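# What the coordinates show
Residue-level listing of the chains:
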Amino acid sequence: MTEEERYLQARLKELADRSYRNSCWEFSDFLSLAEPSLMPVRYYGSLEGGSAAAERRLAAFGSEDICGYRQSPPIEIVHIAPVQKKFADKLSHRDYLGALMSLGLKRSCLGDILLQENDAYLFCLDSMTDYILRELTSVRHTTVTCERCDSLPSGIEKDPLVLRITTASLRVDVLMSAVFHLSRTAAKEYFDKELVFCNGRQVASPGYQPDEGSIISVRGKGRFRFDCAEGKTKKGRISVTVSVW
């Protein structure tokens, strides 16, 4: 574990302890896909990214039962758009992220960036919104404008593809192999390289069996949700429904 990872682990434990001790909500900054595996199991709450399919999420410690109230995560959406669309550069995710980082922002302040045509919709900590609105004026050579928005436009989040597959077991490596058309040997390499996550936590064992509703993320391949197992086929295999992004 690196020094940075040890610091983050201590920070997450501090937030969890403070939430439990004071019966109040506590939120971390945005975490990468791998970083939720550093979260303490005790007092663990949830991961919030602003949308159901978000990859970068913050840790939320607390619950309505414990705290006595609900609290929305400190996330806002910023719409970033070229001022003159006709003459704008073709902008990529990397272009938008680079422009934001050049403002001196930490990556942990920024969540997912979703693109629609040449516009971007950024999830960020609400404490950073005013700064971004004021300081982000260009991306590459393109002048842009920024504004808060209450929700994402329709169509920007792709609906998952629902598949029905049959598998020999409900092991995570078997599910991965079926969804991404991998051999068992190829699937094992993703575990060896620590690229497999279940609900944001790294999965070390190919034999791990996820619960229904779990989201499996495989870096370099994609994500899917294990929706349900629907019984066995005549050949003794298990019929499984998954949703793939």
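Provided above is the structure to which this section pertains.
Our subject in this report is the structure included herewith.

Reading the values: the criteria
- Residues numbered from 1 in each chain as written.
- Predicted model: local features only at pLDDT ≥ 70, side-chain atom pairs only at ≥ 80, totals over all residues.
- Heavy atoms only, no water.
- Pairing = 2+ DSSP bridges.
- Helix = DSSP H or I, 4+ residues; strand = E, 2+ residues; numbered from the N terminus.
- Axes fitted to C-alpha atoms, helices over the stretch in contact; angles between N-to-C directions.
- Contact = heavy atoms within 4.5 Å.
- Buried < 20%, exposed > 50% of the residue type's maximum accessible area, 1.4 Å probe, protein only.
- Disulfide = S-S within 2.5 Å.
- Core = buried A, V, L, I, M, F, W, Y, C linked by side-chain atoms within 4.5 Å.
- Phe/Tyr/Trp six-rings, centres within 6.5 Å; stacked < 30°, edge-to-face > 60°.
- Lys NZ or Arg CZ within 6 Å of the ring centre and 35° of its normal.

### Side note on the sheet that holds strand β3 (residues 57-61)
- Taken in spatial order, the three strands of this open sheet run β1-β3-β2, and their pairing is antiparallel. Edge positions in the sheet fall to β1 (26-31) and β2 (46-48), since each of these pairs with one other strand and no more. Neighbour-to-neighbour, the strand axes of this sheet turn through a mean angle of 30°, independent of strand direction.
- Bridging between β1 and β3 involves four bridges; their strand directions are antiparallel.

### Concerning the environment of Leu38
- With respect to the helices and strands, the residue Leu38 is situated in the loop between β1 and β2.
- Separated by 99 residues in the primary sequence, Leu38 and Thr137 have C-alpha atoms spaced 36 Å apart.
- If near-sequence neighbours (up to four positions away) are discounted, Leu38 is found in contact with Met1, Glu5, Leu8, Gln9 and Leu12.

### Some words on the environment of Cys67
- Positionally, Cys67 belongs in helix α2 (residues 64-67).
- Judged by its relative accessible area of 11%, Cys67 falls in the buried class.
- Beyond its immediate chain neighbours, meaning those up to four positions away, Cys67 contacts Ser23, Cys24, Trp25 and Gly62.

### A look at the state of the cysteines
- Across all of its chains, the model carries zero disulfides by this definition.
- Free cysteine: Cys67, not disulfide-bonded; nearest cysteine sulfur from Cys24 at 6.3 Å.
- The structure places no disulfide on Cys149, whose sulfur is separated from the nearest cysteine sulfur, that of Cys124, by 9.8 Å.

### Comments concerning the nonpolar core
- Core analysis: the largest hydrophobic core is formed by 23 residues, its most contacted members being Met176, Ile216, Phe224 and Val240.
- Of all the elements in the fold, those that place two or more residues in this core are α5 (172-180), α6 (184-192), β10 (196-198), β12 (215-218), β13 (222-232) and β14 (238-244).
- Looking at this core element by element, the count peaks at five residues for α5.
- Not counting chain neighbours up to four residues away, the residues in contact with Ile216 comprise Val172, Met176, Val196, Phe197, Cys198, Pro210, Gly222, Arg223 and Phe224.
- Of all hydrophobic cores here, the second largest spans 19 residues; its members include Leu91, Tyr96, Ala99 and Val139.

### So, the packing of aromatic side chains
- Across all of its chains, the model carries two aromatic pairs by this definition.
- Measuring from centroid to centroid gives 6.0 Å for Trp25 and Phe27, while their planes differ by 10°, and the two rings are stacked.
- Trp25 sits in the buried class, given a relative accessible area of 15%.
- Relative to Phe224, the ring of Phe180 has its centre 5.8 Å away and its plane inclined at 70°; by these criteria the two rings are edge-to-face. Linking Phe180 in helix α5 with Phe224 in strand β13, this pair joins segments that are 44 residues apart in sequence.
- On the basis of relative accessibility, which here comes to 11%, the residue Phe180 falls in the buried class.
- Across the ring face of Trp245, the terminal group of Arg223 is positioned such that the distance to the ring centre comes to 5.5 Å.

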